[in-house]
Amino acid sequence: DTSKFVVLHNKSASWGSFPKKSVNSILTKQELVLIESLLRKCIEDYNINAKKRYNDLKRNNPEIKIEDFVINVDNYKRQYIVKKSLNGEKHVWINCFCSNTSLNKGWREEVLMVHDGGICFFNLMLNLNKSVYYDLMVNGEA
């Protein structure tokens, strides 16, 4: 669904932990399918621990909501930066943010970065050749 993601070309590798001397690259349709699969697996794994944290805190804080702990990938827009390393491996930095945030203006042109914001903002890295995700970073609360 191209209304939910954009590939930002010619962006600095400083946004993710790309290998040194990486060059810009493009994505195939098959790679987009792999990205979706890896992203969902990453968040599925993240949500296991998030649900445990929620259940631990719920005992003493009955007002908290599970929606403040778990991530539903379908509710996020995404920015991808794609680089290929010198050894030919393709890496993707994914920047995710809540679809309903008022900060969405210009998200198709520039990387959207914020401080805090909780689970409404997170990013991670993928290695498509190895089919792995790493460096998941979920923003904290102010």
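We now turn to the structure provided with this report.

Conventions used here
Residues numbered from 1 in each chain as written. Predicted model: local features only at pLDDT ≥ 70, side-chain atom pairs only at ≥ 80, totals over all residues. Heavy atoms only, no water. Helix = DSSP H or I, 4+ residues; strand = E, 2+ residues; numbered from the N terminus. Contact = heavy atoms within 4.5 Å. Disulfide = S-S within 2.5 Å. Buried < 20%, exposed > 50% of the residue type's maximum accessible area, 1.4 Å probe, protein only. Salt bridge = Lys/Arg side-chain N within 4 Å of Asp/Glu carboxyl O.

### Things to note about the side chain of Asn123
Phase 1 of the analysis: Mapped onto the secondary structure, Asn123 falls in strand β5 (residues 121-127).
Phase 2 of the analysis: Filtering out sequence-adjacent residues up to four positions away, Asn123 remains in contact with Trp93, Ile94, Asn95, Asp135, Leu136 and Met137.

### Quick word on the state of the cysteines
Phase 1 of the analysis: All told, the structure shown has one disulfide when counted by the stated rule.
Phase 2 of the analysis: Between Cys42, a free cysteine, and Cys96, which holds the nearest cysteine sulfur, the sulfur-to-sulfur gap is 8.9 Å.
Phase 3 of the analysis: Accessibility expressed as a relative area gives 2% for Cys42, which makes it buried.

### Topic: unusual backbone geometry
Phase 1 of the analysis: Even without being glycine, Ser131 reaches a positive phi, approximately 55 degrees.
Phase 2 of the analysis: Tracing the sequence through the fold places Ser131 in the loop between β5 and β6 (132-138).
Phase 3 of the analysis: A residue is classified by how much of its surface remains accessible, and Ser131, at 39% relative accessible area, is partly exposed.
Phase 4 of the analysis: Despite not being glycine, Asp135 shows a phi value in the positive range, around 55 degrees.
Phase 5 of the analysis: Inspection of the secondary structure puts Asp135 in strand β6.

### Examining the pattern of salt bridges
Phase 1 of the analysis: Evaluation of the coordinates by the stated rule reveals seven salt bridges.
Phase 2 of the analysis: Among the ionic pairs, Arg40 bridges to Asp74, the shortest N-O distance being 2.4 Å. Here Arg40, found in helix α1 (residues 29-58), pairs with Asp74, found in the loop between α1 and β3 (76-84); they are 34 residues apart in sequence, far enough to count as distant.
Phase 3 of the analysis: In this structure Asp74 comes out as partly exposed when scored by relative accessible area, which is 40%.
Phase 4 of the analysis: The closest approach of N and O atoms between Glu89 and Lys130, which form a salt bridge, is 3.9 Å. Here Glu89, found in the loop between β3 and β4 (90-98), pairs with Lys130, found in the loop between β5 and β6; they are 41 residues apart in sequence, far enough to count as distant.
Phase 5 of the analysis: For Glu89, a relative accessible area of 16% gives the class buried.

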